[in-house]
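Structure at a glance
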Amino acid sequence: MLNDPAVNEAARVLAQKLTAAEPSESGRVKMAFRLILCRPAADRELEVLNSYYRSEKELLSSRMQDAERLVSVGEFENPSGDTAAVAALMQTIVLLYNLDETLTRS
Amino acid sequence: MDTELIESRLNTNRRHFLGKLSLGIGTAALGSLLIPDLFSGDDDEVFSSGLPHFAPKARRIIYLFQNGAPSQLESFDYKPLLNTMAGQDLPASVRMGQRLTGMTSNQERFPLVGSYFRFAQHGQSGTWVSELFPNMARVIDEFCVIKTMHTEAINHDPALTFMQTGAQQGNRPSMGAWLSYGLGSDNKNLPAFCVLLSRGRGNGQGVYSKLWTNGFLDSVHQGVQFSSSDEPVLYLNNPDGIDKDARRRMLDKLGALNSMAHEEFGDPEIQARVRQYEMAYRMQTSVPELTDLKREPDSVIKMYGPDCLVPGTYAANCLLARKLSEAGVRFVQLYHQGWDQHGNLVGEMPLQAQDADRASAALIMDLQQRGLLDETLVIWGGEFGRTNYCQGDLSKANYGRDHHPRCYTVLMAGGGVKKGITYGESDEFGYNIVRDPVHVNDFHATILHLMGLNHEHLVFRHLGRRYRLTDVGGHVIKPLLA
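Presented here is a report on the structure given in the accompanying data block. Values in this document were obtained by computation on a predicted structure and should not be read as measured data.

Looking only at helices and strands, chain B has 12 helices and 17 strands in total. Going through the 482 residues of chain B one by one, you find that 55% of them count as buried. Within chain B, residue pairs in contact and separated by at least 24 positions form 78% of the contacts whose partners lie at least 6 positions apart. Counting every atom, chain B has about 20,300 Å² of accessible surface; 51% of that belongs to carbon and sulfur.

Once that is clear, we can look at the overall build of chain A. Along chain A, the regular secondary structure elements total six helices and zero strands. Its C-alpha atoms give chain A a radius of gyration of 13 Å, near enough to 13 Å, the size a compact globule of 106 residues would have. Counting only C-alpha atoms, chain A reaches 40 × 25 × 25 Å along its principal axes. Counting across all 106 residues of chain A, residues that qualify as buried make up 51%. Long-range contacts, defined as pairs at least 24 residues apart, comprise 65% of the intrachain contacts of chain A with a sequence gap of at least 6. Carbon and sulfur atoms form 52% of the exposed surface of chain A, whose accessible area is close to 5,400 Å². Distance between charge centroids for chain A: 3 Å, based on 12 positive and 16 negative side chains.

Residues that lie three or four places apart on an α-helix share one face, since the helix turns once every 3.6 residues. All names here are of chain B. Taken across its nine residues, helix 6 (residues 175-183) has nine buried, putting it largely inside the fold. Every buried residue belonging to helix 6 is among Met175, Gly176, Ala177, Trp178, Leu179, Ser180, Tyr181, Gly182 and Leu183, and all of these are buried. Remark: Gly184 follows helix 6 within two positions and exhibits a positive phi of approximately 70°.

Moving on, we get to the packing of helix 2 (residues 25-37) of chain A against helix 3 (residues 43-62) of chain A. Residues and elements named next belong to chain A. Taken N-terminus to C-terminus, the directions of helix 2 and helix 3 make an angle of 125°; their axes are 10 Å apart at the nearest point. Relative to helix 3, helix 2 is oriented oblique. As for the relative orientation of helix 2 and helix 3, their crossing is right-handed in sense. Facing Glu25, Ser26, Arg28, Val29, Lys30 and Phe33 of helix 2, the residues of helix 3 in contact are Glu45, Leu46, Leu49, Asn50, Tyr53 and Lys57.

Next up on the list: the side chain of B:Glu74. Residue and element names in this part refer to chain B. Position of Glu74 relative to the elements: it lies in the loop between strand 1 (60-66) and helix 2 (80-84). Since its relative accessible area comes to 0%, Glu74 is described here as buried. For Glu74, the side chain forms a polar contact with the side chain of Tyr399, separated by 2.4 Å. Beyond its immediate stretch of four places on either side in the chain, Glu74 contacts Gly114, Ser115, Tyr116, Phe117, Phe119, Ser130, Leu132, Phe133, Leu345, Met349, Tyr399 and Arg401.

Let us look at the nonpolar core. Residue and element names in this part refer to chain B. Grouped together as the largest cluster of nonpolar side chains are 61 residues, with contacts concentrated most on Leu64, Phe76, Phe133, Tyr304, Leu324, Leu334 and Trp380. Ranked by residue count, the leading element in this core is helix 11 (residues 345-369), at 11 residues. Beyond its immediate stretch of four places on either side in the chain, Phe133 contacts Glu74, Ser75, Phe76, Trp339, Met349, Ala353, Asp357 and Trp380. Membership of the second largest hydrophobic core comes to 50 residues, among which are Tyr181, Phe193, Ile379 and Leu481.

Residue and element names in this part refer to chain B. Of all six residues in strand 5 (residues 193-198), five are buried; the element is thus mostly enclosed. With six bridges connecting them, strand 5 and strand 7 (residues 331-336) associate as parallel partners. Looking across to strand 7, one finds that Val195 is bridged to Gln333. Both strand 5 and strand 6 (residues 224-226) contribute to a ladder of three bridges, which runs parallel.

Here the focus is the environment of B:Glu296. All names here are of chain B. With respect to the element layout, Glu296 can be found in the loop between helix 8 (268-291) and helix 9 (298-304). Residue classification places Glu296 among the buried residues on the basis of a relative accessible area of 12%. Sequence spacing of Glu296 and Met365 is 69 residues, and the spatial spacing of their C-alpha atoms is 15 Å. Excluding residues within four positions of it along the chain, Glu296 makes contact with Ile301, Leu319, Arg322, Lys323 and Arg370. Within the structure, Glu296 has its side chain in polar contact with the side chain of Lys323 (distance 3.2 Å).

This part is about empty space enclosed by the protein. One pass over the full model with this rule turns up four cavities of 30 Å³ or more. Taken together, the elements giving at least two residues each to the lining of the largest cavity come down to helix 3 and helix 4 (64-71) of chain A together with helix 7 (244-265) of chain B. A per-element tally of the lining of the largest cavity places helix 3 of chain A first, with three residues. Residues that form the lining of the largest cavity fall into these classes: five nonpolar, two polar and five charged.

Another aspect to go through is the pattern of salt bridges. Residues and elements named next belong to chain B. For the structure shown, the criterion picks out 37 salt bridges over all chains. Arg370 is the salt-bridge partner of Glu296, the closest N and O atoms lying 4.0 Å from each other. In this pair, Glu296 sits in the loop between helix 8 and helix 9 while Arg370 sits in the loop between helix 11 and strand 8 (376-381), placing the two residues 74 residues apart along the sequence. For Arg370, a relative accessible area of 34% puts it in the partly exposed group. Residue Arg465 pairs with Asp471 through a salt bridge whose shortest N-O separation is 3.2 Å.

Definitions and cut-offs
- Residues numbered from 1 in each chain as written.
- Chains lettered and ligands numbered in written order.
- Predicted model: local features only at pLDDT ≥ 70, side-chain atom pairs only at ≥ 80, totals over all residues.
- Heavy atoms only, no water.
- Helix = DSSP H or I, 4+ residues; strand = E, 2+ residues; numbered from the N terminus.
- Buried < 20%, exposed > 50% of the residue type's maximum accessible area, 1.4 Å probe, protein only.
- Contact = heavy atoms within 4.5 Å.
- Areas by Shrake-Rupley, 256 points an atom, 1.4 Å probe, with all protein chains shown as cover.
- Rg over C-alpha atoms; globule rule 2.2 N^0.38 Å.
- Lys, Arg positive; Asp, Glu negative; His and termini not counted.
- Charge placed at Lys NZ, Arg CZ, Asp CG, Glu CD.
- Axes fitted to C-alpha atoms, helices over the stretch in contact; angles between N-to-C directions.
- Parallel < 35°, antiparallel > 145°, perpendicular 65-115°, else oblique.
- Left-handed = near helix turned anticlockwise from the far one by under 90°.
- Polar contact = N/O pair within 3.5 Å; in protein donor to acceptor, adjacent residues only side chain to side chain.
- Core = buried A, V, L, I, M, F, W, Y, C linked by side-chain atoms within 4.5 Å.
- Pairing = 2+ DSSP bridges.
- 1 Å grid on protein atoms, 1.4 Å probe; cavity = no way out; pocket = protein on both sides within 12 Å on 5 of 7 lines; lining within 4 Å.
- Points joined across faces, edges and corners; volume = space filled by probe spheres on them.
- Nonpolar A, V, L, I, M, F, W, Y, C, P; charged D, E, K, R; others polar.
- Salt bridge = Lys/Arg side-chain N within 4 Å of Asp/Glu carboxyl O.

Without other data, these values stay purely geometric and don't point to any function.
This is the structure in structure tokens:
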């Protein structure tokens, strides 16, 4: 689930859509949570996610090559944009896809 | 009506609370019994060995499952009477009205047929082995040949499921999952239960992931399937642009969020998932090292044969099984498909045997050379046997055999099993058991015993009762023990 290209492509495309739709970065993280978990995020959850998003974005900004490689996954159309921001949001979304709560089925 | 509704809600809450309480305390207590270091503070200790019930003879198992049911009559159960009586009908006094599969029950005749392949005695034990298994014949003195296995199922899927889980339905934990539950893992970087699949050249029968399921046990006990592609474990490698540090950072946050959910809901499966993700992270390093078979010395490659360098062959899987087992994997389950010879037995069985014989024998020798055979139990066999009468057209040069659950042969070697013996006796027709039957439950009880577990004490409470691998049956077959 963390490494499957299909999951990573889905995360990349959602990250690009959210980036286009929502100007605020913390707003994008919040919206991703709502879309994937079907409930609003708790404050402490947002804290973890925002800190993860920010540190990933900072790291990826200094390693644009990695950011480029991350967002190049999959065949769905790939508009150019703020690559580091999209890659960091994409990683945050992969994380959300992999939460036990997301994967739980009964 | 309102009162009833409120009561019902209260009820649910109380039930939830009590359920949670008993589960919480129960799992903690059981966990600490099985894993004495559970509360020592180090998370990794969860993967350390559990405590057996008594001193084990075997520490690990490699199960070479010959899927599809190889004929005992062309391999290890020599029945010359079938050659002398070839073409005559199976006497009703032998069949005794026992059921047949729908594939032959409508046949007008049940003509007996003897082995097309010659048998000879081998080793000091003088065990009869057919010419199809020359390499196994050379190490036959290491084996205990059980000639009187019998099962309750007559078709592949239920029989296979029965051999693997102790039940025919497919919802119970597999043998490897029970051992992982009972004994834990000896290597925290690898799963305790690994599964390897290979296809033979004969008529094949499918295998399904329910055969290595954890059933109602914690998900960390389920078997991990290694695939035959370039990536032995699918999607184990990080995607492009992610290095080990980046993966670590994500896992830490993922773990933190999952732990919040666990605090809130108390579902042990959440913790199981966290552990599985951490296991996968460690496997990113351990698996590539292990599965690189090209680094094996020439002498080893020669023993298993050149096929062992082709991923996904039975030979490659046997070698990989040795490496996994050596690294501490508790239970390595191989499935080799293609043993279902309803027809063209004379054409297919030599090809199947050619693939299976050399590598199976090589595994025994390899383990022996490394001093591992004494603590590793190797099992070789299928889900049932094959009929002594011919299915379909019988000619001098070819024939087929249908499923036969009444009596079949399974081999064991190493790990506390008596060497060079034959256990049990089938009748001259190879149809019924004359002496010392071994039911599938007995087989499981004996295997657990060899691993230091009392099959009546290895239990898990589920749906209001305690379950065992042997369910409500099973006796340890003491004469098999060294």
